[in-house]
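Working through the structure, step by step
Given next are the chains, with one letter for each unit.
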Amino acid sequence: EGGHGGPLKEIIDIATSQRIPLHPVSRVELDRLADSVEHRGVLAWAEPTTEPTLDELIALAKSSGEPPLLVALDEVKDPQNVGAIIRTADAAGAHGIVTTTHRTAPAEGTGVERASAGAAEYVPVSRVVNLRDALERGREAGLWVVGADMDGDRDYTQADLKGPVILVMGEEGKGIRPLTRKTCDLIVRIP
């Protein structure tokens, strides 16, 4: 409904060129379909992505032709922070995110997807029951486990992080849990 100029026209042109079906609806119908989410005039539906197992995520990272880089979330609870971490991980070339099935904000949902600026659609996420066990499995697969903590041994710019790495990010205000910290090969500070 209304004008189709600017960004909306660009979306329509891209969808048309990619043969993505378009279904124009009224503003009232769009508001109903969006279910109180701010939609800015467009909604899209996509098939749910399949979630890789940890072993699949590690194999995917190793097959990239680059040193594997995974980011593990240790009880990061704020969906906005999870989204920002996913966005930053994507920009840094990370091959995936490892998170737990409990006590961490899910890596999907409106807040996470909006904060990730779309990166949540491209960065695979593997959920595990026990993060410490997952970090040990990563180590067995040849990855270094590096924790990011305010009390880290050295500034991250002074650490050699070029090899295969799992970077562990801790909970807001609390950081990495003590048992998770013990699993890390190195602790770095991010100012």
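Predicted model only: the values in this text are computed from it and were never measured.

All right, on to the overall build of the protein chain then. Scanning the protein chain from terminus to terminus reveals seven helices and seven strands. Along the protein chain, helices and strands appear, N-terminal first, in the series α-α-α-β-α-β-α-β-α-β-β-β-α-β. Expressed as a percentage of the 191 residues in the protein chain, the buried residues total 36%. The contacts in the protein chain between residues at least 6 apart in sequence include a share of 76% that link residues at least 24 apart.

Turning our attention to the nonpolar core. Ranked by size, the top nonpolar core spans 18 residues in total, and within it Leu54, Leu70, Ala72, Val98, Leu135, Ile166 and Val168 carry the most contacts. Elements supplying a minimum of two residues to this core: helix H3 (54–62), strand E1 (69–74), helix H6 (131–140) and strand E6 (165–170). For Leu54, the residues in contact, after removing those within four places along its chain, are Val98, Ser126, Val128, Ala134 and Arg137. Among the nonpolar cores identified, the runner-up in size contains 11 residues, and Val76, Ile85, Ala89 and Val123 belong to it.

It is worth spelling out the sheet that holds E6 at this point. One open sheet holds the seven strands; their spatial order is E3-E2-E1-E6-E4-E7-E5, and the pairing between them is parallel. Edge positions in the sheet fall to strand E3 (125–128) and strand E5 (154–155), since each has one partner strand and no second. Sheet analysis places E5 next to strand E7 (residues 186–189), joined by two bridges and oriented parallel. Note that in E7 the partner of Asp155 across the bridge is Arg189. Set on the sheet, H3 makes contact with E1, strand E2 (96–100) and E3; between it and E2 the angle comes to about 160°. With respect to the sheet, H6 is in contact with E1, E2, E3, strand E4 (144–148) and E6, its orientation differing from that of E1 by roughly 165°.

For helix H1 (residues 6–17), with 12 residues, the first-to-last C-alpha span of 17 Å sits near the 16 Å given by 1.5 Å per residue. Arg19 sits one or two positions beyond H1 and adopts a positive phi of about 60°.

A cluster of nonpolar residues, Val25, Leu33, Leu43 and Trp45, forms a patch on the protein surface that exposes about 360 Å² of accessible area. Tracing the sequence through the fold places Trp45 in the loop between helix H2 (27–34) and H3. Judged by its relative accessible area of 65%, Trp45 is exposed.

Turning next to H3. Taken together, the buried positions of H3 are occupied by Leu54, Leu57, Ile58 and Ala61. One side of H3 carries all its buried residues, which in axial view fall inside an arc of 95°.

Across the protein chain, the average pLDDT comes to 84, with 85% of residues at or above 70. Mean pLDDT per element in the protein chain: helix H5 (residues 110–115) is the minimum at 54, and H6 is the maximum at 96.

Each value, and the rule that gives it
Residues numbered from 1 in each chain as written. Predicted model: local features only at pLDDT ≥ 70, side-chain atom pairs only at ≥ 80, totals over all residues. Heavy atoms only, no water. Helix = DSSP H or I, 4+ residues; strand = E, 2+ residues; numbered from the N terminus. Buried < 20%, exposed > 50% of the residue type's maximum accessible area, 1.4 Å probe, protein only. Contact = heavy atoms within 4.5 Å. Core = buried A, V, L, I, M, F, W, Y, C linked by side-chain atoms within 4.5 Å. Pairing = 2+ DSSP bridges. Axes fitted to C-alpha atoms, helices over the stretch in contact; angles between N-to-C directions. Expected span 1.5 Å × (residues − 1). Patch = residues over 30% accessible without salt bridge, like charges linked within 9 Å, V, L, I, M, F, W, Y side chains within 5 Å. Areas by Shrake-Rupley, 256 points an atom, 1.4 Å probe, with all protein chains shown as cover. Salt bridge = Lys/Arg side-chain N within 4 Å of Asp/Glu carboxyl O. Arc of directions from axis to C-beta. pLDDT = per-residue confidence, 0-100.

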